Amino acid sequence: MRYNRALLLLVLGSLPILRAGAALTAVALPDPGVPGFHFPESEATILTWVNDLGSGSPGAAAASDNITRHGWGLWTALTLETAQVDNGERLRVFETWYTPQEIDPQPGPTGQSVPARSINISAARHRAPLGNFVQFEHGLDPRDRDLLAQPSGSETVFGYVKFDPTAAAHVAAQQLLSTVSLNKLLMGGAQGIPAFPSTALTLKSAFQIISSRKLVDGRYYRLNVWSGPPATPQAWAPYQWPGVVWIDVKGGGSGSGQIDTLASTDGGSRTDQTTYPVSSMINHRISAMEALQFNRSQPGSDIEPGDYAVLVAMHVAGREIARWTWQTFWWSPTPDDPQAPSSEATAAARPAQLQGAPRNYAMSIGYDMTTPGQPNTGGQNAGAAYFTYNPYLEARFGVANLPDSMPGNDPSGRPSANNVGVNCNCMSCHVRANYNPNNLATAPRYAGARYTDMNDPQFAGTLQVDFLWSLPEIAQ
Ligand code: HEC
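Report follows, based on the coordinates. (Residues numbered from 1 in each chain as written. Predicted model: local features only at pLDDT ≥ 70, side-chain atom pairs only at ≥ 80, totals over all residues. Heavy atoms only, no water.)

A word on the packing of aromatic side chains. If you walk through the whole model with that rule in mind, you get 13 aromatic pairs. Note on Trp75 and Tyr361: the rings are 5.3 Å apart at their centroids and 55° apart in plane angle, and the pair reads as tilted. Placement of the pair is Trp75 in helix α3 (residues 60-78) and Tyr361 in strand β13 (residues 361-365), with a sequence separation of 286 residues. Trp75 sits in the buried class, given a relative accessible area of 0%. Of the residues examined, Tyr361 reaches a relative accessible area of 0% and is grouped as buried. Each ring, one from Trp226 and one from Tyr389, has its centre 6.1 Å from the other, and the planes form 80°; the classification is edge-to-face. Of this pair, Trp226 sits in the loop between β7 (220-225) and β8 (243-248) while Tyr389 sits in the loop between β15 (384-385) and β16 (408-409), and the two are 163 residues apart along the sequence. Trp226 gets classed as buried once you look at its relative accessible area, which sits at 6%. The buried category is assigned to Tyr389, whose relative accessible area is 2%. Taken together, the aromatic side chains of Trp72, Trp75, Phe329 and Tyr361 make up a single cluster linked through ring pairs. Residue placement shows Lys162 over the ring face of Tyr160; its charged tip is 4.8 Å from the ring centre. (Phe/Tyr/Trp six-rings, centres within 6.5 Å; stacked < 30°, edge-to-face > 60°. Helix = DSSP H or I, 4+ residues; strand = E, 2+ residues; numbered from the N terminus. Buried < 20%, exposed > 50% of the residue type's maximum accessible area, 1.4 Å probe, protein only. Lys NZ or Arg CZ within 6 Å of the ring centre and 35° of its normal.)

What follows is the structure, encoded as structure tokens:
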């Protein structure tokens, strides 16, 4: 069995182009040819950028440019099209990567030993199924169940978490999705799981499914679009945003920045200027298999083969530094001048190599929790916070969703509760990720922007999972 699998991998690896029907192969992050972008960048280099930015030194502006370039370089590379085809459409790099479900445990026959782990390389591999997010559904333990629930009635996003081939190989080799192996680490006295390699990348993508039955005039889909954070920090879910645009599945629309603030549900307020072609978004057609899987997992959704899935948001994290790099992207009708937490300056730094639909996404990036920066251990919740979040993913969170928040300062240094989604920082929530099989009440939970010490006493009795919340949530 093992031998055959190795042989298959060898054969697959030697095929230059995979045609439709062939097994899909997860590809390593390609070099997008963006000048000045290197991956993996050395930890020392990235930490120097972070320190220069946080210290406000003369190097701060250059540091900001370097961090922004790095984020765009990652985005350019992982949205590049590969030669691989599924359902008649080319796959982008990230679409070839592995979901945690593809590296799930194969429980051994005895149930005694740690289950053998493998990565799915079967010929039946397709685009990953779109599912619910744990982050919205329930938390890590029973205390957090329903904590990050979707407000009812809101249009839901679906998607998946993915691991690049090197991150997936690490998960497989260390059996990080097996509670048996996580328990062994914990009982053996480990503080955390073995660290991922510097090449590890993980992502979380969110799609809106444009069900043909929800179209106005058989072609226009009403999409909530971000028009910036609310004046008073509060839960700010897509259905609360003041504007929409119309996505035309037939490719029409001259939209170049306008949004429809009347947002009539029947399309009465739609104009050509508030209409955008579906090709302006990263999209794919739902395959027969995808429709079947989706309708089975989301009863009542009745999506059909040929419907579009459009990418509204994507989170990307990389293990180049111990606390990971964090960048997030969302589709914007004004990609040249996007709303906070992105900016015109961030958009202006998009590299020339970023072309087509991926160029229409805004980026928010934060490689630290606070400025000035605090050390990984022994620091304090001081200085100004960086707010880094995705409108389609975190903005909906209210106070109840972020129980371990801690008051601090906003990015301009004014006192701020930092306890809602629009006051989030990726690193601040992910640094707290832990495996807590004994349901210790003291274990770290979700939080808004704040500092957390990697040796915080709250971790006692838990296993730190190298910042990846999905591991303890999916491990079985
Ligand atoms: C309040 C907590 C919280 C915040 C803030 C947050 N995340 Fe997450 N994130 C999660 C949880 C929980 C998961 C587990 C997967 C899921 O939700 O389905 C996750 C999953 C992920 C994953 C998949 C890999 C993993 O960690 O398991 C990535 C990548 C990611 N988040 C990036 C980001 C980025 C980038 C930001 C900031 C823009 C961010 N996250 C903000 C809680 C958070």
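Glancing now at the pairing of strand β11 (residues 308-318). Taking burial as the measure, the 11 residues of β11 include 11 buried ones, the bulk of the element. Sheet analysis places strand β6 (residues 201-210) next to β11, joined by 10 bridges and oriented antiparallel. Its bridge partner being in β11, Ile210 is matched across the sheet by Tyr308. Relative to β11, strand β10 (residues 283-285) is paired through three bridges, and the arrangement is antiparallel. In the sheet register, Asn283 faces β11, and the bridge partner there is Val310. Bridge count between β11 and strand β12 (residues 325-331): six bridges; the pairing is antiparallel. Counted as the bridge partner of His315 is Thr328 from β12. Turn length for the β11-β12 hairpin, with the two strands adjacent in sequence and antiparallel, is six residues, and the turn residue Trp324 shows positive phi of about 65°. (Pairing = 2+ DSSP bridges.)

Moving on, we come to the layout of surface pockets. Quantified by volume, the second largest pocket comes out at close to 400 Å³. The wall of the second largest pocket is formed by 22 residues, among which Leu53, Ser64, Thr68, Thr346 and Ile365 lie closest to the centre. Listed by contribution, the elements that provide at least two residues to the lining of the second largest pocket are α2 (43-55), α3, α8 (344-348) and β13. Ranked by the residues each element gives to the lining of the second largest pocket, the list is headed by α3, at four residues. Tallied by class, the residues present in the lining of the second largest pocket amount to 11 nonpolar, nine polar and two charged. (1 Å grid on protein atoms, 1.4 Å probe; cavity = no way out; pocket = protein on both sides within 12 Å on 5 of 7 lines; lining within 4 Å. Points joined across faces, edges and corners; volume = space filled by probe spheres on them. Nonpolar A, V, L, I, M, F, W, Y, C, P; charged D, E, K, R; others polar.)

Attention now moves to the sheet that holds β7. Overall, mixed pairing links the three strands, which are arranged β7-β8-β9 in an open sheet. Each having just a single partner strand, β7 and β9 (275-277) make up the two edges of the open sheet. Strand-to-strand, the axes of this sheet are offset by a mean angle of 40°, without reference to chain direction. Judged from the three bridges that link them, β8 and β9 form a sheet pairing that is parallel. (Axes fitted to C-alpha atoms, helices over the stretch in contact; angles between N-to-C directions.)

Further remarks concern helix α5 (residues 165-174). Along an α-helix, a turn takes 3.6 residues, which lines up residues three or four apart on a common side. Within the span of α5, buried status applies to Pro165, Ala167, Ala168, His170, Val171 and Ala172. Of the residues trailing α5, Gln175 is marked for its positive phi of about 55°.

Okay, the nonpolar core next. Grouped together as the largest cluster of nonpolar side chains are 114 residues, with contacts concentrated most on Trp75, Phe163, Phe196, Leu223, Ile247, Trp331 and Leu471. In terms of residue count, β11 provides more of this core than any other element does, nine residues in total. If we ignore the near neighbours within four places in the chain, the residues touching Ile247 are Ile210, Arg219, Tyr220, Tyr221, Leu223, Tyr276, Val278, Met281 and Trp331. In this structure, Tyr220, Val244, Trp246 and Ala263 belong to the second largest nonpolar core, which totals five residues. (Core = buried A, V, L, I, M, F, W, Y, C linked by side-chain atoms within 4.5 Å. Contact = heavy atoms within 4.5 Å.)

The subject of this paragraph is empty space enclosed by the protein. For the coordinates displayed, the defined rule picks out two cavities of 30 Å³ or more. Its boundaries defined by the atoms lining it, the largest cavity holds a volume of some 40 Å³. Pro129, Leu130, Ile209, Ile286, Glu290, Gln293, Phe294 and Ile303 together form the lining of the largest cavity. With three residues, the single largest contributor to the lining of the largest cavity is helix α7 (residues 288-297). When grouped by side-chain class, the residues that make up the lining of the largest cavity number six nonpolar, one polar and one charged.

Quick look at the side chain of Asn390 now. Within the secondary structure, Asn390 is located in the loop between β15 and β16. Looking at Asn390, the relative accessible area reads 0%, which means it is buried. A distance of 3.0 Å separates a polar side-chain atom of Asn390 from the backbone nitrogen of Tyr392. (Polar contact = N/O pair within 3.5 Å; in protein donor to acceptor, adjacent residues only side chain to side chain.)

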